[in-house]
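# A closer look at the structure
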Amino acid sequence: MIVKAGQPDQPTPDLEAMPPWRCTSERYLELIASGTLGPSDKVELINGIITAMSPAGPEHSFVLMQLTELLASVMPHYRLLIQSTVHIAEGQVFDPDVAVLKRHDGDTYKHKHAGAGDILLIIEAALSSMRRDALVKMPIYAQAGIPEYWIVDIERQSLIVHRDPDDARYNTILTVRGQSPVQATSIAGLSIAPASIFA
């Protein structure tokens, strides 16, 4: 084999020979608490593997701004997380775009991350992350018993509503577009028309 100067032979890495490092939820949360992992790292723990998140473009950021305003009216009765850490299950620590939580007495969320039992609704705004949100995260949320999971499909300007979790799936899945309002089943007074998210 002849190798030209300045062009050393670099064989393609065998990814199967380099298995990913599996991490427990406890260890991952310790990495966050110590500052080893921070918001700028843009990672989540999915199935025990530290995984890069899709970058957020301006369309994604706009949808989050819209959702924050649309959810404001019900917030006196609930707690709202925007792109913050939730511990769904062992090996599943996510930073969903939006999570609506139960409001507890005292300072529960000051000392621990919200868990699956605290969550009433999760919303993910999806463009490049659609496959992950629909195929990877959906069964994890269902398995954890998250009552409602909405995916904002930015490309199609629609809202995909998942309800009635049963094991690793949701029994009810609706795709809603335009001015048809979606009433959250687990959050009193919350009704959102998909068109208002993109207005």
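Below: a short report on this structure. (Residues numbered from 1 in each chain as written. Predicted model: local features only at pLDDT ≥ 70, side-chain atom pairs only at ≥ 80, totals over all residues. Heavy atoms only, no water.)

## A word on the sheet that holds strand 11 (residues 169-177)
Stated formally: By definition, two strands form a pair when at least two bridges between them are found by DSSP. Working definition: helices are DSSP H or I runs of at least four residues, strands are E runs of at least two. Numbering for both runs from the N terminus. Note on geometry: axes are C-alpha line fits, over the in-contact stretch for helices, and angles between N-to-C directions span 0 to 180 degrees. Contacts were defined at the residue level, with two residues in contact if any of their heavy atoms lie within 4.5 Å.
Sheet architecture is open: six strands sit in the order 3-6-8-9-10-11, paired in mixed fashion. Edge positions in the sheet fall to strand 3 (78-82) and strand 11, since each has one partner strand and no second. On average, adjacent strands in this sheet sit at an angle of 15° to one another, irrespective of strand direction. Pairing geometry for strand 6 (residues 98-102) and strand 8 (residues 119-126), over four bridges, is antiparallel. If you follow Leu101 over to strand 8, its bridge partner there is Ile119. Where helix 4 (residues 130-143) meets the sheet, it contacts strand 8, strand 9 (148-153), strand 10 (158-166) and strand 11, and its direction lies at approximately 175° from that of strand 9.

## Let's talk about the side chain of Asp95
In plain terms, the rule: Burial status follows relative accessibility: with a 1.4 Å probe on protein chains alone, a residue under 20% of its type maximum counts as buried, one over 50% as exposed, and anything between as partly exposed. His is not counted, nor are the chain ends, whereas Lys and Arg count as positive and Asp and Glu as negative. The salt bridge definition used is simple: a Lys or Arg side-chain nitrogen within 4 Å of an Asp or Glu carboxyl oxygen. We call two N or O atoms a polar contact when they sit within 3.5 Å, provided that within protein one can donate a hydrogen and the other can accept it, with sequence-adjacent residues counted only if both atoms are side-chain atoms.
Of note, Asp95 is situated in the loop between strand 5 (92-94) and strand 6. In this structure Asp95 is buried but unpaired, with Lys42 as the nearest side chain of opposite charge at 7.5 Å. In this structure the side chain of Asp95 is engaged in a polar contact, spanning 3.0 Å, whose partner is the side chain of Thr85. Filtering out sequence-adjacent residues up to four positions away, Asp95 remains in contact with Glu44, Met53, Gln83, Ser84 and Thr85.

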